[in-house]
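# Summary of the model geometry
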Amino acid sequence: MSELNLILLGPPGAGKGTQADRLREDFGLPHISTGDMLRAQVVENTALGGEAKRYMDAGELVPDEVIISMIIDRIGDEDARDGFLLDGFPRNEQQADALARALGGLDRRLSAALLIEVSDEDLVRRLAGRRVCVKNPGHIYHVEFDPPKHEGVCDQDGSRLIQRDDDQEETIRTRLQVYHSQTEPLIGYYDHAGLLRRFDGQRTAEEVHAHIRATLATLRLEEKL
Ligand SMILES: [Zn+2]
């Protein structure tokens, strides 16, 4: 059985979550979002969660070793036997090296790093136009692509629509700067290792999905040879 051990890369707002959901359906790959995993372990008060919480309470970053231990723990689960989709880690070359070593210790290795590319201008347009319902944050609109019938009012319950702080243009541009400075070396790293696969995130979610699926099907065939 050939595994698909994947990393998902791309700027905030590129649609990584959407693609991850579809890949889980297509290939049965669990989506391991390190942020979610970390929060879940803290809530469940596991040994690693407790350790992570001490750093977080002190306002410090959770060390790479703790995150990697959680990942190694998670990919040992039955549902990750044929592969996984890792999102949110690694964020730099040092973490990438540490992850490669940890996977090597399990006699596993990465199959590919999937990069969904979207221009900064397009991302700002997508994110800054987003409006959410104050009553139900699941009610999401976009001033340009999916406007409500009445400006500033939720179609579903008549509540006020607001722009979240995270979606302010200033905030988005700062996040993008951080993304570029951290992730660009990582893109070069995986490119150099022959693992990088690029996808045009300006296309529709359906088109991106079709392209990723075709790429992974080919990858799996090649691994079987
Ligand atoms: Zn609403």
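Preceding block: the structure.
Described in the following lines is the structure provided in the data block. Model, not experiment: these values are computed from the prediction.

The rules behind the values
- Residues numbered from 1 in each chain as written.
- Predicted model: local features only at pLDDT ≥ 70, side-chain atom pairs only at ≥ 80, totals over all residues.
- Heavy atoms only, no water.
- Pairing = 2+ DSSP bridges.
- Helix = DSSP H or I, 4+ residues; strand = E, 2+ residues; numbered from the N terminus.
- Axes fitted to C-alpha atoms, helices over the stretch in contact; angles between N-to-C directions.
- Phe/Tyr/Trp six-rings, centres within 6.5 Å; stacked < 30°, edge-to-face > 60°.
- Buried < 20%, exposed > 50% of the residue type's maximum accessible area, 1.4 Å probe, protein only.
- Salt bridge = Lys/Arg side-chain N within 4 Å of Asp/Glu carboxyl O.
- Donors = N, O, S within 2.8 Å, 3.2 Å for Na, K, Ca; no water.

### Concerning the sheet that holds strand β2 (residues 31-33)
With respect to topology, five strands assemble into an open sheet ordered β2-β3-β1-β4-β8, the strand pairing being parallel. Sheet topology places β2 and β8 (196-200) at the edges, where each strand pairs with a single neighbour. Across the sheet, the axes of successive neighbouring strands diverge by a mean angle of 25 degrees, strand direction being ignored. By the bridge criterion, three bridges tie β2 to strand β3 (residues 83-87) in an arrangement that is parallel. In the strand pairing of β3, I32 is matched with L86.

### Examining the packing of aromatic side chains
Evaluated as defined, the whole model comprises one aromatic pair. Consider the rings of Y189 and Y190, whose centres lie 5.0 Å apart with planes at 90 degrees: the pair is edge-to-face. Residue class for Y189 comes out partly exposed when judged on its relative accessible area of 21%. A residue is classified by how much of its surface remains accessible, and Y190, at 2% relative accessible area, is buried.

### What about the pattern of salt bridges?
In this structure the tally under the stated criterion is 19 salt bridges. The salt bridge partner of E144 is R125, with a shortest N-O separation of 2.7 Å. With a gap of 19 residues between them, E144 in the loop between β6 (140-142) and β7 (161-162) and R125 in helix α6 (residues 120-128) connect regions that are remote in the sequence. For E144, a relative accessible area of 43% gives the class partly exposed. For R125, a relative accessible area of 43% gives the class partly exposed. Between R130 and D167 there is a salt bridge, with the nearest N and O atoms lying 3.1 Å from each other. Placement of R130 in strand β5 (residues 130-133) and of D167 in the loop between β7 and α7 (169-192) is noted, with a sequence separation of 37 residues between them. When salt bridges that share partners are traced, they join R74, D77 and D79 into one network.

### Focus: the coordination of the zinc ion
Angles at a metal have ideal values that depend on geometry: 109.5 degrees with four tetrahedral donors, 90 or 180 degrees with six octahedral donors. Each protein donor to the zinc ion is listed here as C133 (SG), H139 (ND1), C154 (SG), D157 (OD) and D157 (OD); together their distances run 2.1 to 2.6 Å. When the donors of the zinc ion are listed by position in the chain, the intervening gaps give C-x5-H-x14-C-x2-D. By relative accessible area, which is 2% here, C133 ends up buried.

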